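Fold and contact review
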Amino acid sequence: MRFADRCRACALDYSQFNVGDGPAAFLTLIVGGVLMALAITLELSLHPPFWVHLLLWVPLTLAAVVACLRLAKGALITLEYRNQAREGRLREQE
């Protein structure tokens, strides 16, 4: 999934930002936590067979992560820009 090279409104160069796999990792943890809580609640309240869990939670997890990936990547790029985060550099010693 790629963003445009530049912003259409202000011509900000997006190539200076690199969020890597951060969005996918955050989404996997967040979505995984929420869906795990739902799966445990379902198990403790209705006790469905294991195949119901597989049929329900695996596609739902994949759909939620993929659907939110572009939004999460945009949010991390925004945070990187606002906080002026760059590649690891050491301050020059005076």
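Everything here concerns the structure above.
What counts as what
Residues numbered from 1 in each chain as written. Predicted model: local features only at pLDDT ≥ 70, side-chain atom pairs only at ≥ 80, totals over all residues. Heavy atoms only, no water. Axes fitted to C-alpha atoms, helices over the stretch in contact; angles between N-to-C directions. Helix = DSSP H or I, 4+ residues; strand = E, 2+ residues; numbered from the N terminus. Left-handed = near helix turned anticlockwise from the far one by under 90°. Contact = heavy atoms within 4.5 Å. Nonpolar A, V, L, I, M, F, W, Y, C, P; charged D, E, K, R; others polar. Patch = residues over 30% accessible without salt bridge, like charges linked within 9 Å, V, L, I, M, F, W, Y side chains within 5 Å. Areas by Shrake-Rupley, 256 points an atom, 1.4 Å probe, with all protein chains shown as cover. Salt bridge = Lys/Arg side-chain N within 4 Å of Asp/Glu carboxyl O. Buried < 20%, exposed > 50% of the residue type's maximum accessible area, 1.4 Å probe, protein only. Core = buried A, V, L, I, M, F, W, Y, C linked by side-chain atoms within 4.5 Å.

Overview of the packing of helix α1 (residues 22-46) against helix α2 (residues 50-82)
- Running from N to C, α1 and α2 cross one another at 145°; their axes reach a closest spacing of 8 Å. Between α1 and α2 the crossing geometry is right-handed. Taking contact as the criterion, the partners of G22, P23, A24, F26, L27, T28, V31, L35, L38, A39, L42 and E43 in α1 are, on α2, H53, L56, W57, L60, T61, A64, V65, C68, L69, A72, K73 and L76.
- When the residues that make up the contact of α1 with α2 are grouped by side-chain class, the tally is 18 nonpolar, four polar and two charged.

Thoughts on a nonpolar patch on the surface
- A cluster of nonpolar side chains, F26, L29, I30, V34 and L38, forms an exposed patch at the surface whose accessible area comes to about 520 Å².
- You can call L29 exposed: its relative accessible area is 64%.

Some points on the nonpolar core
- One finds L27, V31, L35, A39, L42, W57, V65 and A72 forming the largest nonpolar core, which totals eight residues.
- Put simply, the parts of the chain that give this core at least two residues each are α1 and α2.
- The leading source of residues in this core is α1, at five residues.
- Non-local contacts of V31, meaning those with residues more than four positions away in its chain, are made with T61, A64 and V65.

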